[in-house]
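Observations on the model geometry
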Amino acid sequence: MKIFYNTKDIQTYLATQNSQSIGFVPTMGALHEGHISLIATARQKCHIVVVSIFINPTQFLASEDIEKYPSKLLADEKICRLAKVDVLFVPTVSQIYHKLETKLLAPSSKAYILEGIDRPGHFDGVLQVVLKLFHIVRPDFAFFGKKDAQQLYLVQNMVETYFLDITIVPCETVRETTGLAKSSRNSYLSSDDRTKADQISKSLKTAVKKVQAGEHSTELLKSIIKEKLANLSICYVEIVDKQFDSIDTIKPNDTIILVAVHVGKTRLIDNIWL
Ligand code: AMP
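So, how was this worked out
- Residues numbered from 1 in each chain as written.
- Predicted model: local features only at pLDDT ≥ 70, side-chain atom pairs only at ≥ 80, totals over all residues.
- Heavy atoms only, no water.
- Near = heavy atom within 4 Å.
- Polar contact = N/O pair within 3.5 Å; in protein donor to acceptor, adjacent residues only side chain to side chain.
- Areas by Shrake-Rupley, 256 points an atom, 1.4 Å probe, with all protein chains shown as cover.
- Helix = DSSP H or I, 4+ residues; strand = E, 2+ residues; numbered from the N terminus.
- Nonpolar A, V, L, I, M, F, W, Y, C, P; charged D, E, K, R; others polar.
- Axes fitted to C-alpha atoms, helices over the stretch in contact; angles between N-to-C directions.
- Parallel < 35°, antiparallel > 145°, perpendicular 65-115°, else oblique.
- Left-handed = near helix turned anticlockwise from the far one by under 90°.
- Contact = heavy atoms within 4.5 Å.
- Buried < 20%, exposed > 50% of the residue type's maximum accessible area, 1.4 Å probe, protein only.
- Pairing = 2+ DSSP bridges.

On to the site of the ligand, then. Inspection of the region around the ligand gives 17 residues, with His35, Gly145, Asp148, Val174 and Lys182 positioned closest. Met28 is positioned such that a nitrogen or oxygen atom in its backbone is 2.9 Å from an oxygen atom of the ligand. Out of a free accessible area of 490 Å², the ligand has 92% covered by protein chains. Mapped onto the shell around the ligand, the elements with two or more residues apiece are strand 2 (22-27), helix 2 (33-45) and strand 5 (141-145). Top contributing element to the shell around the ligand by residue count: helix 2, with three residues. Residues belonging to the shell around the ligand are distributed by class as follows: six nonpolar, seven polar and four charged.

Spelled out as structure tokens, the structure:
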């Protein structure tokens, strides 16, 4: 596995790998089974697998403590070797950002809802860094988790609006045996918090069962989920279609139920696709 810390070096290396398909998995590190499944999917599909680890400052709000975001570079490197990653890219902030930045704005009607309400500007930062990484790596395929459904939608939208020749591959959410979606932020949870956090996936499962039993009113489904999450601090419970428009009635094969909560100080998100 080659490791690059410098933008020019990785670009020069990848330029010599012509005619090989490049699969790209952008991450913020503290790798877990969720990331590993994205890498495994990329490994199956592509000749060269590139993983980036970059804790992107522009997607954190001033009030969010980026310094506290878990960083486990040595373990991450080992995980990448085991997962047969070809190229690991670990740039510094100054490698990625310039003094004078041309900024990219995510469409506000889709980026300032849900995650964007508590985290205004978050997706502008996400798209800014993803576009930069796409230009550096020039992948044929890029792999994103359905767990971050709104991010996945906005990245896909950016690829379309900027005519990027990249196929975005959505990947299923990997969960703990309890159902809790794997997340780098789970390391902040005490065992008591974990028990509480298990309610998140349980509430989503309950909603799915209700839908299967014929309940299609999103208002009713949302109130059922909220009841299940009564012991947690709810940020939002929403039901949208795959274009992230709010819906009153479940649309078969075109519905995402999304939940964000605080468990103690930790903000967790999860969703289920119908
Ligand atoms: P992050 O390091 O949190 O920025 O995540 C990097 C990528 O991994 C994103 O595409 C996430 O959606 C994806 N990801 C994070 N958690 C999971 C999970 N539990 N299952 C599948 N993919 C995930």
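Don't stop here, the text continues.
Once that is clear, we can look at the packing of helix 9 (residues 191-212) against helix 10 (residues 218-228). For the pair helix 9 and helix 10, interaxial distance at closest approach is 9 Å and the crossing angle is 150 degrees. By the angle class used here, helix 9 and helix 10 are roughly antiparallel. As helix 9 packs across helix 10, the resulting crossing turns out to be right-handed. Of the residues in helix 10, those in contact with Gln199, Ser203, Thr206, Ala207, Lys210 and Val211 of helix 9 are Leu221, Ile224, Ile225 and Lys228. In terms of residue class, the contact of helix 9 with helix 10 is built from five nonpolar, three polar and two charged.

What follows is about the environment of Ser184. By the secondary structure assignment, Ser184 is in the loop between strand 6 (167-171) and helix 9. The class of Ser184 is buried, set by a relative accessible area of 8%. Sequence separation of Ser184 and Phe60 is 124 residues, and the distance between their C-alpha atoms is 15 Å. Look past the residues within four positions of Ser184 in its chain and what remains in contact with it is Gly29, Ala30, His32, His35, Tyr69 and Pro70. A distance of 3.5 Å separates the side chain of Ser184 from the backbone oxygen of Gly29, its partner in a polar contact.

This paragraph deals with the sheet that holds strand 5. Pairing is parallel in the open sheet, where six strands are placed in the order 1-4-3-2-5-6. Two strands in the sheet have a free side with no partner beyond their single neighbour: strand 1 (2-4) and strand 6. Put simply, the sheet's adjacent strands are angled 25 degrees from each other on average, direction ignored. In this structure, strand 3 (residues 48-53) lies alongside strand 4 (residues 87-89), joined through three bridges in parallel fashion. Among the inter-strand pairings, Ser52 is bridged to a residue of strand 4, identified as Phe89.

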